[in-house]
Amino acid sequence: MTAPPRSQPSPRWPGADSGELRALTEAASGLWRRHPQRSLETLGRQVLLGRESIIQLLVSLARRRFPYQEFIKQCAFMANVSAAPTILVAIPISVVVSIQIGSLVNQVGATTFIGAVAGMGIIRQGAPLVSALMISGAVGSAITADLGSRTIREEIDAMKVMGVDPVRRLVAPRLAAAVLVSMLLCGFVVFVGFAAAYIFNVYAQSGTPGSFIGSFASFAVANDLIIALVKSAIFGVLTAVIACDTGLHARGGPGGVANAVNSAVVSSALMLFATNIIATQLYNTLFPSKVL
C-alpha cells in the first residue's frame, strides 16, 4: 500500500503573521516608552523644576522668606562631604599635569613656559573638572539620598498637605547652597592645584621658581578664573536640579533610593562633562588664547 500524501505547508502570505507583527509593534512601542520617551519626560520635568526653583529662590529673597537656616545647614553639609575628597583629587591631577607638561616642554626646549601652561591648564580645565566630579559625586548623591528618603517616608506629601511648598522649602536652599559650594570648591582647587604644581616643578623637576610664576603671570588673565567660576556655578545649578528631581521622584523603598542616587550621579556627571565641553568651546571662540 502506498503511504498517503503528506500535506504541504500553506504559503506564508503577507499579513499571515499578524500576531507576530503586533507583538513586534508592541515591543517597539514599549521600548520607546521605556527609554527615549521617559528620558524626554525626565528632561522636561527637570527643566520645569529648575525654572520653578529659581523663581521661588528669587521670590523668597525678595519677600524675605528665604529659609536661611536650611541654606546654612546645607552649605555646611556640602562643604563637609566634598572638601577632603577635593584635596585628594586636586593634588594628584595637578602632579600628573605637571609631569606630562614638564616632559613635553623639555622635549621642545620651552621650559620657561611650563608655569603658564601648567597653571592655565589647571585653572581652565583642571579646576572645573574636579569641581564637576565632586559636585556630581559627593553633593549630588547626598541631595538625592536626603530627598529620596523624605519621599519614601511620605514627608513630601505631608508638606504638600500642610500647604508648604517643597520647592521653596527644600529645593531652593539646596540650589543656592550647591552654587555657592561649587564656586568655593573651584577656587579651592585652583589654589591647591597651582600650589601642588609649583612645589612639584620646583622640588621634583628642578624648575626655577621665578620662571614658573613669571610665565604664569604673563599669560594668565582674569577671564580664565572668571570662566572657571561661571562653569562651577552652572555645574552647581545642574547638579542640584537633577539631584532634587531624582530624589523627589524616588520610588520603591530603600532600594529605590539607592537606584535614585546611582541615576542622579551618572546623569549629573554626563551632563556636567557635556556642559564643560560646550562652555570651553564658547570661551575659546569668544576669547582666543594668547600666542606663546
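Residues numbered from 1 in each chain as written. Predicted model: local features only at pLDDT ≥ 70, side-chain atom pairs only at ≥ 80, totals over all residues. Heavy atoms only, no water.

Caption draft 1: View of the overall build of the protein chain. Along the backbone of the protein chain there are 9 helices and 0 strands. Scanning the protein chain from its N terminus toward the C terminus, one meets helices and strands in the order α-α-α-α-α-α-α-α-α. Across the 292 residues of the protein chain, 40% fall into the buried class. Element-wise, carbon and sulfur atoms account for 67% of the exposed surface of the protein chain, whose accessible area totals about 16,500 Å². (Helix = DSSP H or I, 4+ residues; strand = E, 2+ residues; numbered from the N terminus. Buried < 20%, exposed > 50% of the residue type's maximum accessible area, 1.4 Å probe, protein only. Areas by Shrake-Rupley, 256 points an atom, 1.4 Å probe, with all protein chains shown as cover.)

Caption draft 2: Quick look at helix H4 (residues 114-152). Its 39 residues place the ends of H4 53 Å apart at the C-alpha level, agreeing with the 57 Å of an ideal helix rising 1.5 Å per residue. Along H4, 29 of the 39 residues are buried, which leaves the element largely enclosed by surrounding structure. Two residues or fewer past H4, Glu-154 is found with a positive phi of approximately 65°. (Expected span 1.5 Å × (residues − 1).)

Caption draft 3: Up close: unusual backbone geometry. Its identity as a non-glycine residue notwithstanding, Arg-64 has a phi of 60°, on the positive side. Given a relative accessible area of 79%, Arg-64 falls into the exposed group. Unusually for a residue other than glycine, Glu-154 sits at a positive phi of about 65°. Among the secondary structure elements, Glu-154 is positioned in the loop between H4 and helix H5 (155-161).

Caption draft 4: Quick peek at the packing of helix H6 (residues 166-203) against helix H7 (residues 209-219). Two numbers describe how H6 lies on H7: the axes approach to 9 Å, and their chain directions differ by 145°. Judged by the sense of rotation from one axis to the other, the crossing of H6 with H7 is right-handed. Residues Phe-194, Ala-197, Tyr-198, Asn-201 and Val-202 of H6 lie in contact with H7, whose contacting residues are Pro-209, Phe-212, Ile-213 and Phe-216. Residue classes in the contact of H6 with H7 are distributed as 8 nonpolar, 1 polar and no charged. (Axes fitted to C-alpha atoms, helices over the stretch in contact; angles between N-to-C directions. Left-handed = near helix turned anticlockwise from the far one by under 90°. Contact = heavy atoms within 4.5 Å. Nonpolar A, V, L, I, M, F, W, Y, C, P; charged D, E, K, R; others polar.)

Caption draft 5: Representation of the nonpolar core within the structure. Of all hydrophobic cores here, the largest spans 38 residues; its most connected members are Phe-71, Met-78, Ile-143, Leu-147, Val-171 and Cys-244. Breaking this core down by element, the ones donating at least two residues are helix H2 (36-62), helix H3 (68-108), H4, H5, H6 and helix H8 (222-248). Considering every element that reaches this core, the biggest residue donor is H6, with 14 residues. Of all hydrophobic cores here, the second largest spans 6 residues; its members include Ile-101, Ala-118, Ile-122 and Ala-197. (Core = buried A, V, L, I, M, F, W, Y, C linked by side-chain atoms within 4.5 Å.)

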